[in-house]
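Descriptive analysis of the structure
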Amino acid sequence: MTARHPSGRVIWITGFSGAGKTTLARVLMPCLGERAVLLDGDELREVLDAARCGFDRESRQRLAFTYARMARMLALQGFTVVVATISLFHDLHAWNREHLPGYLEVWLDVPEEERRRRDPKGLYAAAANGQVRDMACERMVEVPREPHLTLRFGEHGDVGASARAVLEMLDVPGLAESPEKGEASLAPASGTGGA
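Residues numbered from 1 in each chain as written. Predicted model: local features only at pLDDT ≥ 70, side-chain atom pairs only at ≥ 80, totals over all residues. Heavy atoms only, no water.

1. Focus: the packing of aromatic side chains
In this description, a pair of aromatic rings is defined by centroid distance and the angle of the planes. Tallied over the entire structure, the rule returns 2 aromatic pairs. With centroids separated by 6.1 Å and ring planes inclined at 80°, the aromatic side chains of Phe65 and Trp95 adopt a geometry described as edge-to-face. Separated by 30 residues along the polypeptide, Phe65 in helix H3 (residues 57-75) and Trp95 in helix H4 (residues 90-99) bring together distant segments of the chain. Above the plane of the ring of Phe79 lies Arg35, whose end atom (NZ or CZ) is 4.1 Å from the centre. (Phe/Tyr/Trp six-rings, centres within 6.5 Å; stacked < 30°, edge-to-face > 60°. Helix = DSSP H or I, 4+ residues; strand = E, 2+ residues; numbered from the N terminus. Lys NZ or Arg CZ within 6 Å of the ring centre and 35° of its normal.)

2. Remarks on the nonpolar core
Ile11, Ile13, Leu24, Val106 and Val166 are the most contacted members of the largest nonpolar core, which has 24 residues in total. Where this core is concerned, the elements lending two or more residues are strand E1 (9-14), helix H1 (21-28), strand E3 (80-84), strand E4 (104-109), strand E5 (149-152) and helix H7 (159-170). Tallying contributions element by element places H7 first for this core, with 6 residues. Those residues within four positions of Ile11 in sequence are excluded, and the remaining contacts are Leu32, Thr80, Val81, Val82, Val83, Leu104, Val106, Val166 and Leu170. (Core = buried A, V, L, I, M, F, W, Y, C linked by side-chain atoms within 4.5 Å. Buried < 20%, exposed > 50% of the residue type's maximum accessible area, 1.4 Å probe, protein only. Contact = heavy atoms within 4.5 Å.)

3. Details of the packing of H3 against H4
Relative orientation of the contacting elements H3 and H4 amounts to 10°, with a least axis distance of 10 Å. In terms of their interaxial angle, H3 and H4 are classed as roughly parallel. Like other packed secondary-structure pairs, H3 and H4 cross with a definite hand, here right-handed. Residues Gln61, Ala64, Phe65, Ala68, Arg69 and Arg72 of H3 form the contact with H4, whose participating residues are Asp91, Leu92, Trp95, Asn96 and His99. Considered class by class, the residues forming the contact of H3 with H4 number 5 nonpolar, 3 polar and 3 charged. (Axes fitted to C-alpha atoms, helices over the stretch in contact; angles between N-to-C directions. Parallel < 35°, antiparallel > 145°, perpendicular 65-115°, else oblique. Left-handed = near helix turned anticlockwise from the far one by under 90°. Nonpolar A, V, L, I, M, F, W, Y, C, P; charged D, E, K, R; others polar.)

4. A word on the pattern of salt bridges
In total, this model carries 5 salt bridges according to the counting rule given. Notably, a salt bridge pairs Glu43 with Arg26, separated by 3.9 Å at the nearest N-O pair. Residue Glu43 is found in helix H2 (residues 41-47), and its partner Arg26 is found in helix H1; the two are separated by 17 residues along the sequence. Taking the relative accessible area as the measure of exposure, Glu43 reaches 42% and is therefore partly exposed. For Arg26, a relative accessible area of 39% puts it in the partly exposed group. (Salt bridge = Lys/Arg side-chain N within 4 Å of Asp/Glu carboxyl O.)

5. Points about unusual backbone geometry
Unusually for a residue other than glycine, Ser87 sits at a positive phi of about 40°. Here Ser87 lies in the loop between E3 and H4.

Okay, here's the thing in structure tokens:
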């Protein structure tokens, strides 16, 4: 996992809604060079016009495999692809390990109480009032069995420290200079992680 893959690589950041996937991905991007591409789940849903797909397990899983195939296509062209998505399915993670070059699976383990406290788009609150899509999707997911890296809430401090933990796994040159240590926490910038 520490060696650079000649055909690119995929950093797959996963976690529940509000875990901070997009925030971490955006901090990582400037550290990964010019050939880095970010695929954010919410943005991909919009680009793929996936609103019609629904949020049931089968639809979410089908969409997650679409993200994975897109990441593979880009990685095989030599890009470093950062994917920030919920997409918590064991068979997807197994497919990723077998098919995605330089695959690094990062699991953001953030307690539900903290995710509900953050709730950047008000999804948890709206779900509690029956006003939004089924947040029961959190009961339909499968937590990663063996992620390459688990970032637990509160253990790595700020988002810079979390990003450095990822970069250390990748053995990225110039690690000492980036990312800058700051006051930001591993909290969501926006969105919910898509599939």
